[in-house]
Every structure is written in structure tokens, then in C-alpha cells.
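Observations on the three-dimensional arrangement
Listed below, chain by chain, are the residues.
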Amino acid sequence: MPNRPTPDPNPTPPTSGAAAHDAEGGDAACWLPQVCPDCGALNENPAAPCWRCGVTRSPGDA
Ligand SMILES: [Zn+2]
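Anyway, here's the lowdown on the structure attached to this text.

The rules we used
Per chain, residues are indexed from 1 in the order of the written sequence. With the structure being a predicted model, the display of local features is reserved for residues of pLDDT at least 70 and the display and counting of side-chain atom pairs for 80 or more, all residues being used for whole-chain, interface and lining totals. A helix here means a DSSP run of H or I that spans at least four residues, while a strand means a run of E at least two residues long, and both kinds are numbered starting from the N terminus. We call two residues in contact when their backbone-placed C-beta atoms lie within 7 Å. Here a residue counts as buried when 20 or more other C-beta atoms sit within 10 Å of its C-beta, as exposed when there are 12 or fewer, and as partly exposed otherwise, the C-beta atoms being derived from the backbone.

Okay, the overall build of the chain next. Secondary structure summary: the chain contains one helix and zero strands in total. Put simply, of all contacts in the chain between residues at least 6 apart along the chain, 6% involve residues at least 24 apart.

Right, let's talk about the environment of Leu42 for a bit. Tracing the chain through its elements places Leu42 in the segment after α1 (15-18). Looking at Leu42, the number of C-beta atoms within 10 Å reads 13, which means it is partly exposed. Taking the C-alpha atoms as reference points, Leu42 and Leu32, 10 residues apart in sequence, are found 8.6 Å from one another. Contact partners of Leu42, with chain neighbours within four places excluded, come to Trp31, Gln34 and Val35.

Attention now goes to the environment of Leu32. With respect to the helices and strands, Leu32 occurs in the segment after α1. Taking the C-alpha atoms as reference points, Leu32 and Asn43, 11 residues apart in sequence, are found 9.9 Å from one another.

As a further point, take the environment of Arg52. Along the chain, Arg52 turns up in the segment after α1. What makes Arg52 partly exposed here is the crowd of 13 C-beta atoms within 10 Å. Taking the C-alpha atoms as reference points, Arg52 and Asp38, separated by 14 residues in sequence, lie 9.7 Å from one another. If sequence neighbours within four positions are ignored, Arg52 has contacts with Cys36, Cys39 and Ala41.

And the structure:
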């Protein structure tokens, strides 16, 4: 198998699959990286610890 390039931290879904996530109403990719994966709180700075539960996450770590 050929070497695969470094995974994109913010992969853009193909147009064919965009409709599956269109229920959120808008471009989910705009705020999805800011949503805490642990408690679901919306953080303005995804690189900073969550204001609600304090969890930290690396920007680009899916
Ligand atoms: Zn949180």
C-alpha cells in the first residue's frame, strides 16, 4: 500500500456525504471543532481547556 499523507485535522467531507450532516442547519464545520467532545459545551477557543468540564484537547486531534 502506498504511504498516505498526514490526515487533515479538519477533513472536508465529500459533497456526496454533506447532505447526511445537513440537519444541523448551516456549516457545521464552523463550530464543530469548538464543541467539547466530553460535555458538548461550546468553546470559543478549542485549544483552551473546556470552561465547563475542564477537558483539554489538541486542535487537530479528532
Ligand atoms: Zn467540556
